Amino acid sequence: MALTATIYNFSIGLSDVDRAVYESLALKVARHPSETEEHLLTRVLAYCLEFAEGIGFSRGISDPDEPALSVRPEELPFAIEAMHLVTDGLPAYFIIHACYGAFDAIYSQMLKLPVDNLDLAISHSTLNLMEMFRRDPFTKDLSLGVLDVHSHEVEAPETVRARIEKGLQLLPKESIWIDPDCGLKTRTVEEARAKLVNMFAAVKALRADSGVN
Ligand SMILES: [Zn+2]
């Protein structure tokens, strides 16, 4: 069963003399079990500091609806700008996950996202990565989703392995990260566990056979 969010109610008297903003705010904020109370409070404080007409909360630290890169191509330039704001100057390895959608339409522009690794949810799509990569060579590392998270079927390690090997035809092994694709939240705990066990079995077998660490 999916873990449910806890709703927090905030009653805030906001007096920002610097910006001449005076408001009485009644906020309802959802805290996902993966979010700490400190993080929730930080979000509320940021909301107050930036308060303006029309500003709103996302659904929390784990928000599956944003950014919807692959279904709203017109928002891609905005996403690139936003990612620059978040990542510029930070000496870290950045990964962005993009869910199902029209990757073939936005792929070349996606390469402009200032991240090191694109995590594309593609395991059950008919997307021809080979064709896309031939058109515009891939310039980042790829997190390769190898489980179909929309299927109840627990894929055999051989099936998962075949998906990994397909990826290895596209990119050098150093550039590929294996992951389950999109989150497994739509699966039962048993299904998710079984799928992950088989994913690790596939990775292990492949490593053993090819001498890859
Ligand atoms: Zn996803």
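Throughout, a residue's number is its position along its own chain's written sequence, starting from 1. In keeping with the predicted nature of the model, local features appear solely for residues at pLDDT of at least 70, side-chain atom pairs appear and are counted solely at 80 or more, and the whole-chain, interface and lining totals rest on all residues.

### Notes on the nonpolar core
For our purposes the nonpolar core covers buried Ala, Val, Leu, Ile, Met, Phe, Trp, Tyr and Cys residues that link as a set through C-beta atoms within 7 Å. Residues with at least 20 other C-beta atoms within 10 Å of their own are called buried, those with 12 or fewer are called exposed, and the rest are partly exposed. The C-beta atoms themselves are positioned from the backbone. Core analysis: the biggest nonpolar cluster contains 25 residues, and Ala98, Leu118, Leu120 and Ala121 have the highest contact counts within it. A helix here means a DSSP run of H or I that spans at least four residues, while a strand means a run of E at least two residues long, and both kinds are numbered starting from the N terminus. Listing elements by their share of this core, those giving two or more residues are strand E3 (95–98), helix H3 (103–110), strand E4 (117–120), strand E5 (141–145) and helix H6 (189–210). Ranked by residues supplied to this core, first place goes to H3 with four residues. For every residue pair, C-beta atoms are placed from the backbone, and the pair is scored as a contact if these atoms sit within 7 Å. When neighbours within four sequence positions are excluded, leucine 120 is seen to be in contact with Ala98, Phe103, Leu142 and Gly145.

### A closer look at the packing of helix H5 (residues 157–170) against H6
Packing of H5 against H6 leaves a shortest axis separation of 8 Å and a crossing angle of 60°. The orientation of H5 relative to H6 falls into the category oblique. By crossing handedness, the relation of H5 to H6 is classed as right-handed. Every residue of H6 that contacts H5 at Pro157, Val160, Arg161 and Ile164 is listed here: Asn198, Met199, Ala201, Ala202, Ala205 and Leu206. Note on geometry: axes are lines fitted to C-alpha atoms, helical ones only across the stretch in contact, with angles between N-to-C directions running from 0 to 180 degrees. Any angle between 65 and 115 degrees counts as roughly perpendicular, while under 35 counts as roughly parallel, over 145 as roughly antiparallel, and the rest as oblique. Two helices cross in a left-handed way if the nearer one is turned anticlockwise from the farther one by less than a right angle. They cross in a right-handed way if the turn is clockwise.

### Concerning the sheet that holds E5
Think of a sheet as strands paired side by side through backbone hydrogen bonds, with each pair either parallel or antiparallel. Pairing between strands is defined by DSSP: at least two bridges between the two strands are required. In space, the four strands of this open sheet follow the order E3-E4-E5-E6, with parallel pairing throughout. At either end of the open sheet lies a strand with only one pairing partner, and these are E3 and strand E6 (176–179). With strand direction ignored, the average angle separating the axes of adjacent strands in the sheet is 20°. As judged from the four bridges shared by E3 and E4, these two strands associate in the parallel manner. Following the sheet pairing, isoleucine 95 is matched in E4 by asparagine 117.

### Section: the environment of glycine 56
As for its placement among the helices and strands, glycine 56 is situated in the loop between helix H1 (37–49) and helix H2 (76–87). Note: C-alpha distance between glycine 56 and leucine 27 (29 residues apart in sequence) is 10.0 Å.

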